[in-house]
Structures are given as C-alpha cells and as structure tokens.
Amino acid sequence: MVTLPDRPFVAMGICVTILKRRCRSVGITAWPYRKMAMVEKRIKLRQMMLDGSAELTDDSSEALRAEILELRSRMELLRRNPNLKSSDLV
C-alpha cells in the first residue's frame, strides 16, 4: 500500500505555501493525510485480527476479509478524491 508523506513539500523541495496554492488550484482543499491514516489503521487492525486469531470461524474470517476489501476501496476513493469527507469513509 502506498502511503503519502506527512510532509510532502520537504520531499519535493518546495515550501508548504507553494504546495498548498498548487493543491488548491487543482481543487484539493485539504491534505488527506489524517483520513488516509485512519483508513490504514483500520485495515491493519482487521488484518492483525485475521492473522492472529486461530479461533475465528469461517464466517468471521470472510467478514474480516470483506471489510478489508471495502476499506481498500475506500482508500482508493480517497486517493482519487482527496476532498471526501471523513463521514463518507466510515
């Protein structure tokens, strides 16, 4: 999974003001780092539950796999549209 840097302007060698102006000029109103981190955290938690518990029933395992797939699709939506609200990702 690709994660976006918390401080992308440093990696790109520009100041934060220039990055914000450029993002806003193409319609990105806010950097989606926190939203992406929330979804990634949920994916990791469910993956740990899936990997670490031998006591899960087949139905429970399938439900966790389905949740992981859904969260990954939400992550892709967020990558395509950084302006999504957090409530749209829940």
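Remember, it's a predicted structure, so these values are computed and weren't measured experimentally. (Residues numbered from 1 in each chain as written. Predicted model: local features only at pLDDT ≥ 70, side-chain atom pairs only at ≥ 80, totals over all residues. Heavy atoms only, no water.)

Caption draft 1: Examining the packing of helix H3 (residues 33–52) against helix H4 (residues 58–80) more closely. With their axes 9 Å apart at the nearest point, H3 and H4 run at an angle of 160° to one another. Considering their axes alone, H3 and H4 lie roughly antiparallel with respect to each other. The hand of the H3/H4 crossing is left-handed. In contact with Lys35, Met36, Val39, Glu40, Arg42, Ile43, Arg46, Gln47, Met49 and Leu50 of H3, H4 contributes Ser61, Leu64, Arg65, Glu67, Ile68, Leu71, Arg72, Met75, Leu78 and Arg79. The residue makeup of the contact of H3 with H4, split by class, is 10 nonpolar, 2 polar and 8 charged. (Axes fitted to C-alpha atoms, helices over the stretch in contact; angles between N-to-C directions. Helix = DSSP H or I, 4+ residues; strand = E, 2+ residues; numbered from the N terminus. Parallel < 35°, antiparallel > 145°, perpendicular 65-115°, else oblique. Left-handed = near helix turned anticlockwise from the far one by under 90°. Contact = heavy atoms within 4.5 Å. Nonpolar A, V, L, I, M, F, W, Y, C, P; charged D, E, K, R; others polar.)

Caption draft 2: Highlighting the nonpolar core. With 10 residues, the main nonpolar core is built from Met36, Val39, Ile43, Leu50, Leu64, Ile68, Leu71, Met75, Leu78 and Leu84. Elements with a contribution of two residues or more to this core: H3 and H4. Ranked by residues supplied to this core, first place goes to H4 with 5 residues. When sequence neighbours within four positions are dropped, the list of residues in contact with leucine 64 reads Arg46, Met49, Leu50 and Leu56. (Core = buried A, V, L, I, M, F, W, Y, C linked by side-chain atoms within 4.5 Å. Buried < 20%, exposed > 50% of the residue type's maximum accessible area, 1.4 Å probe, protein only.)

Caption draft 3: Focus on H3. Helix length check: H3, at 20 residues, gives a terminal C-alpha distance of 28 Å against a target of 28 Å (1.5 Å per residue), a fit within 8%. Looking only at H3, the buried set comprises Lys35, Met36, Val39, Glu40, Ile43, Arg46 and Leu50. Looking straight down H3, one finds that the buried residues subtend no more than 130° of arc, so they occupy a single side. Residues of H3 that are exposed and point more than 90 degrees away from the buried face comprise Arg34, Lys41, Lys44, Met48 and Gly52. In the core, the buried residues of H3 are packed alongside H4. (Expected span 1.5 Å × (residues − 1). Arc of directions from axis to C-beta.)

Caption draft 4: Representation of the environment of arginine 34 in the model. Structurally, arginine 34 is set in helix H3. For arginine 34 and serine 86, which are 52 residues apart along the polypeptide, the C-alpha to C-alpha distance reads 9.3 Å.

It is worth stressing that arrangement in space is one thing and function is another; only the former is reported here.
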